[in-house]
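Survey of secondary and tertiary structure
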Amino acid sequence: MAVTIKDIAKAAGVSYSTVSRALNGIGMENSESRKNIIRIAGEMGYTPNQAAVSLKKARSYMIGLYFSTISKMSSPYVLHDVLTGVYSVTGTKYNVVVKGIDMHEPGTLNPSYYDGVIVLSQRDNDLAFMREVLDKKIPMVTICRAVDIDAPNVTTDEALAMERAMDYLIENGHRRLAVIEGNPELDSNRLRHRGWRTSCLRHGIDPDGLPVMSGNYRYASGYAAAKQLLSYHPTAILCFNDEMAFGARTAIGEAGLEVPDDVSLIGFDNWDLSGYSDMHLTTIERNMGEIAREGARVLLRRLDEGIVDNRRIYLNNKLIIRDTVKRLER
């Protein structure tokens, strides 16, 4: 049988991608590692697949990074973390083009323009775009949402994460609870909604009896929602992201109350929002950068090494316990 890149990688004790870069002279010019790989390849009688070489020469080295929306994005931190994560994997080999699915004209996707596409999906409506990508034989990875489609998914279990957050409040004695949710059109909002309700039901609390406000994941909406929720005198407010939690903290302070002595707070995302206040927020960690990195790794393994992996990959959400939840005596 013909010698493959996998065989060379095993013999050299390096990864497939390292062998691929060495044989193609990408980023390893004149290095000892590359010389060693080329020597091993020669000794093993490796011959490049000419069809694959021709295909590689026709590549655009462009990756499309599509968000459900750019203009109505849940937070600018999402764009920053996802771009940083993708570029940390693609490096200078690929150019990344950022677009919004809501601005895409159906049927206009050019299969010769992109080597691959990463989709950060937040809505069911994104499925039509994803099917167009697959119909045009463009390798694709979806991130941040579990999608029943013939492509790999990299996501987190947001329902379970929000269930854990509400569990933590209830286990610390809180019963007068309030919730600040996000955009109801987004799939992530529906999952988080399901999670906190599941926790309430398991603890014998009627979720329909809790005051709930919808925000848009921005600071101002958290502030406005909290001002209304404080009329219910909650001992704790569960927020669907950190930015709204910081807005809620401002409203709590303006009402002459303190976090956590009077009102406890939990956020979601674990982003650095220290510019808003000195609050050390208890939150759920959803590492968007790592989700994007793993999605880019999966896509590049297919583009550079021919490894097709259509698994659904779940990354962990951790509850980060800090200083904003007070334990109440029951």
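Okay, so let's go over this structure. (Residues numbered from 1 in each chain as written. Predicted model: local features only at pLDDT ≥ 70, side-chain atom pairs only at ≥ 80, totals over all residues. Heavy atoms only, no water.)

Before going further, it helps to examine unusual backbone geometry. Residues Val259 and Pro260 are joined by a peptide bond in cis, for which omega reads 5°. Position of Pro260 among the secondary structure elements: in the loop between helix H10 (242-254) and strand E9 (264-269). The backbone phi angle of Tyr61 is positive, close to 55°, even though this residue is not glycine. If you trace the backbone, Tyr61 turns up in the loop between helix H4 (50-57) and strand E1 (62-67). (Helix = DSSP H or I, 4+ residues; strand = E, 2+ residues; numbered from the N terminus.)

All right, on to empty space enclosed by the protein then. Within this structure, the stated rule accounts for three cavities of 30 Å³ or more. Taken as a whole, the largest cavity holds about 70 Å³ of empty space. Lining the largest cavity, in full, are Met140, Val141, Pro152, Val298, Leu299, Arg301, Arg302, Ile307, Val308, Asp309 and Asn310. Among the elements of the structure, strand E4 (140-143) and helix H11 (288-305) are those that each provide at least two residues to the lining of the largest cavity. Among the residues making up the lining of the largest cavity, the classes are represented as seven nonpolar, one polar and three charged. (1 Å grid on protein atoms, 1.4 Å probe; cavity = no way out; pocket = protein on both sides within 12 Å on 5 of 7 lines; lining within 4 Å. Points joined across faces, edges and corners; volume = space filled by probe spheres on them. Nonpolar A, V, L, I, M, F, W, Y, C, P; charged D, E, K, R; others polar.)

Evaluation of the coordinates by the stated rule reveals four aromatic pairs. Taking 5.5 Å as the distance between ring centres and 45° as the angle between the ring planes, the aromatic pair formed by Tyr61 and Tyr94 counts as tilted. With a gap of 33 residues between them, Tyr61 in the loop between H4 and E1 and Tyr94 in the loop between helix H5 (76-90) and strand E2 (95-100) connect regions that are remote in the sequence. The exposure class assigned to Tyr61 is partly exposed, which follows from its relative accessible area of 23%. An angle of 40° between the planes, with centres 4.5 Å apart, marks the rings of Tyr66 and Phe129 as tilted. Here Phe129 lies in helix H6 (residues 127-135) and Tyr66 lies in strand E1, a separation of 63 residues in the sequence. Both residues of the pair, Tyr66 and Phe129, belong to the buried class. An aromatic cluster of three or more residues is present, and its members are Tyr66, Tyr113, Tyr114 and Phe129. Just above the ring of Phe268 sits the side chain of Arg192; from NZ or CZ to the centre is 3.8 Å. Positioned above the aromatic ring of Trp196 is the side chain of Arg197, whose terminal nitrogen or guanidinium carbon lies 5.9 Å from the ring centre. (Phe/Tyr/Trp six-rings, centres within 6.5 Å; stacked < 30°, edge-to-face > 60°. Buried < 20%, exposed > 50% of the residue type's maximum accessible area, 1.4 Å probe, protein only. Lys NZ or Arg CZ within 6 Å of the ring centre and 35° of its normal.)

Before going further, it helps to examine the packing of H5 against H11. The contact between H5 and H11 brings their axes to 7 Å, and the two run at 35°. Both H5 and H11 take part in a crossing whose hand is right-handed. Residues Val78, Asp81, Val82, Gly85, Val86, Ser88, Val89 and Thr90 of H5 form the contact with H11, whose participating residues are Met288, Gly289, Ala292, Arg293, Ala296, Arg297 and Leu300. The residue inventory of the contact of H5 with H11, partitioned by class, reads eight nonpolar, four polar and three charged. (Axes fitted to C-alpha atoms, helices over the stretch in contact; angles between N-to-C directions. Left-handed = near helix turned anticlockwise from the far one by under 90°. Contact = heavy atoms within 4.5 Å.)

The next thing to look at is the sheet that holds strand E8 (residues 236-239). The mixed open sheet is built from six strands, whose spatial order is E7-E6-E8-E9-E10-E12. A single partner strand is all that each edge strand has here, and the edge strands are strand E7 (212-214) and strand E12 (318-320). Between one strand and the next, the sheet's axes are offset by a mean angle of 15°, whatever the strand orientation. Examined bridge by bridge, E8 and E9 share three bridges and lie parallel to one another. If you follow Leu238 over to E9, its bridge partner there is Ile266. The sheet strands contacting helix H9 (residues 219-229) are strand E6 (177-181), E7 and E8, and the helix crosses E6 at an angle near 155°. Along the sheet face, H10 touches E6, E8, E9 and strand E10 (282-285) and points at about 160° away from the line of E9. (Pairing = 2+ DSSP bridges.)

To continue, consider the environment of Gly209. The topology assignment puts Gly209 in the loop between helix H8 (187-202) and E7. Taking C-alpha positions, Gly209 is 25 Å from Leu319, a pair spaced 110 residues apart along the chain.

In space, the six strands of this open sheet follow the order E2-E1-E3-E4-E5-E11, with parallel pairing throughout. Only two strands of the sheet have a single partner each, and these edge strands are E2 and strand E11 (312-315). On average, each strand axis in the sheet is tilted by 20° relative to the strand beside it, whichever way the strands run. Alignment of E1 against strand E3 (residues 116-120), held across five bridges, turns out to be parallel. Looking across to E3, one finds that Ile63 is bridged to Gly116. Across the face of the sheet, H5 comes into contact with E1, E2, E3 and E4 while running at roughly 160° to E1. Sheet contacts for H11: E1, E3, E4, strand E5 (153-156) and E11; angle to E4, the most-contacted strand, approximately 165°.

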